[in-house]
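Architecture and fold: a report
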Amino acid sequence: MIDQAALQELVGFQAKRREAPVVSLYLDVDPRTRTTDEYRLALRHLLNSVNGQATREDVNRLEQFVEQEYDRQSRGLACFSCVSEELWQAYPLMVPVQDTAFAGYRPYLKPLSDALDTFARYGVLLVEQEGAHMFLFFMGELEGVSGITGEDIKRHKQGGWAAARYQRHEDAAAYRNWKEAAEMTAGFVRNGQVKRLVLAGTESNVAQFAALLPKAVQQVVVGTISADMTENAAEIGEKSMGLIREVAEARKDELVDELITTAAKGGPAALGLTNTLLAVYAGRAHHLLLDDEFTAPAYRCDNCGYVGAEDMPSCPLCGKDLRVLPDAADSLVRWAIAQGIDLTVINDNERLKEIGSVGALLRY
């Protein structure tokens, strides 16, 4: 499983020799949609696409891992190889990725950042009248389970006044169980262990439980799914991933609207590559948005750190030579990760494309 430390290590890595670049490979190995022969064929096409850029050692290392070492237990692969610099990282992912191969000075992180943005740590709270269980997921993998089991609830079949009395007793017991579970859930949110929350259970139980959550916790609830205690973590994870993906896609459109509206009102927003580069360089960016197909060069001064979108004979700040960054989008992704800037990769949004395919909501 990839974590923040591993991601930061990739952000900081740079190949020292032009003739021995880092090869970044993303491969869809989802057994639900591809056979082994199909993704091996896709692998060959991907490696052929970087032929002449990647070294034979790196190509062989990637082929060896996929064909001989990969255990076929994931849906996606993210691999980074630079044999000459002793870089090798392979991450089986439980979330889907699009086939991509890229050779460059640094690891290509845009596809990975998209998966991290969509499937970052979230919790699924399975609610029953006897209590609740919290399933913690990161990138589609189960990290842990916590739960609270309170008083037993046993429905009685007797009629008359006795049935009503038992009903009141059981409803009160369920309320106490849910109050305790709500406190547990609030603790997870307060401690930063859960940034997005899915509620699972019957429609009635979920509705009653949700009303007991503090407002701060209600704000991180992204939706509900139907589930019960007979379902295992894998089944719950599958259902919740579908919901998380839908919510993430809807949120992306909302972010683009917010970006454009903020800029139109003269608020803290940057549109287009030039303005976005300046905002990131100045440390003003709060949330970076970019189109998943956006590619363009940028120019950086290694002496003073200036970065811009225009090719000039020398740095406008210090007069030194400028270095070409072949993929400004990937450079923005790495800088966003390094600075802790929120990052969202967006696919097929015409409004974002119209304003230059990249922008940022600013801190000020």
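Everything numeric in this text was worked out from a predicted model, so none of it was measured. (Residues numbered from 1 in each chain as written. Predicted model: local features only at pLDDT ≥ 70, side-chain atom pairs only at ≥ 80, totals over all residues. Heavy atoms only, no water.)

**Side note on the overall build of the protein**
Per the secondary structure count, the protein includes 11 helices and 16 strands. Considered along the principal axes of its C-alpha atoms, the protein spans approximately 90 × 55 × 30 Å. Of all 364 residues assigned to the protein, the portion counted as buried reaches 48%. Here the protein has roughly 17800 Å² of accessible surface; of this, 47% comes from carbon and sulfur atoms. Computing the positive centroid from 38 side-chain charges and the negative centroid from 52, the protein places the two 4 Å apart. (Helix = DSSP H or I, 4+ residues; strand = E, 2+ residues; numbered from the N terminus. Buried < 20%, exposed > 50% of the residue type's maximum accessible area, 1.4 Å probe, protein only. Areas by Shrake-Rupley, 256 points an atom, 1.4 Å probe, with all protein chains shown as cover. Lys, Arg positive; Asp, Glu negative; His and termini not counted. Charge placed at Lys NZ, Arg CZ, Asp CG, Glu CD.)

**What about the layout of surface pockets?**
Each pocket or cavity is described by its volume, and for the largest pocket that value is around 1100 Å³. Forming the boundary of the largest pocket are 31 residues, of which L116, D117, A120, K195 and D342 lie nearest the centre. Taken together, the elements giving at least two residues each to the lining of the largest pocket come down to α1 (4-12), α4 (110-119), α8 (233-264), β11 (285-291), α10 (328-339) and β15 (342-346). Grouping the constituent residues of the lining of the largest pocket by class yields 15 nonpolar, seven polar and nine charged. Every residue lining the second largest pocket is counted, 23 residues in all, and those nearest its centre are V97, Q98, P111, D114 and D292. (1 Å grid on protein atoms, 1.4 Å probe; cavity = no way out; pocket = protein on both sides within 12 Å on 5 of 7 lines; lining within 4 Å. Points joined across faces, edges and corners; volume = space filled by probe spheres on them. Nonpolar A, V, L, I, M, F, W, Y, C, P; charged D, E, K, R; others polar.)

**As for the sheet that holds strand β10 (residues 269-271)**
An order of β10-β16-β11-β15 is seen for the four strands of this open sheet, with the pairing classed as mixed. The open sheet is flanked by β10 and β15, the only strands paired with a single partner. Between one strand and the next, the sheet's axes are offset by a mean angle of 15°, whatever the strand orientation. Bridge count for β10 against strand β16 (residues 358-362) is three bridges, and the pairing is antiparallel. Within the sheet, the bridge partner assigned to L271 lies in β16 and is G359. (Pairing = 2+ DSSP bridges. Axes fitted to C-alpha atoms, helices over the stretch in contact; angles between N-to-C directions.)

**Quick look at the pairing of strand β6 (residues 131-138)**
Counted residue by residue, β6 has seven buried out of eight residues, so it is predominantly covered. Of the strand pairs in this sheet, strand β5 (residues 122-128) and β6 are connected by seven bridges, and their pairing is antiparallel. Paired with V127 across the two strands is A132, which belongs to β6. Adjacent in sequence and paired antiparallel, β5 and β6 are bridged by two residues.

**Brief notes about the environment of L142**
As for its position among the elements, L142 is in strand β7 (residues 141-149). For the pair L142 and N191, spaced 49 residues apart in the sequence, the C-alpha separation amounts to 18 Å. When near neighbours in sequence (up to four residues on either side) are disregarded, L142 contacts F135, L136, F137 and A233. (Contact = heavy atoms within 4.5 Å.)

**Structural notes on helix α2 (residues 36-49)**
Within an α-helix, residues lying three or four positions from one another point in the same direction, as the helix has 3.6 residues per turn. With 14 residues, α2 ought to run about 20 Å at 1.5 Å a step, and its terminal C-alpha atoms sit 20 Å apart, in line with that. Listing the buried residues of α2 in full gives Y39, A42, L43, L46 and L47. Along the long axis of α2, the arc covered by the buried residues comes to 135°, so they all point the same way. Exposed side chains of α2 directed beyond 90 degrees from the buried face belong to D37, H45 and N48. Among the structural elements, β1 (22-28), α3 (56-69) and β4 (100-104) are those in contact with the buried residues of α2. (Expected span 1.5 Å × (residues − 1). Arc of directions from axis to C-beta.)

**Overview of the packing of aromatic side chains**
The full count for this structure, using the stated rule, is six aromatic pairs. Centre to centre, the rings of Y26 and F80 are 5.9 Å apart; their planes meet at 85°, and the pair counts as edge-to-face. Taken together, the positions of Y26 in strand β1 and F80 in strand β2 (residues 76-82) put the pair 54 residues apart, joining distant regions of the chain. Classification of Y26 by relative accessible area gives buried; the value is 0%. Residues F102 and Y108 carry aromatic rings whose centres are separated by 4.5 Å and whose planes lie at 20° to one another, so their mutual orientation is stacked. A network of ring pairs unites the aromatic residues Y39, F65, Y70 and W88 as a single cluster. (Phe/Tyr/Trp six-rings, centres within 6.5 Å; stacked < 30°, edge-to-face > 60°.)

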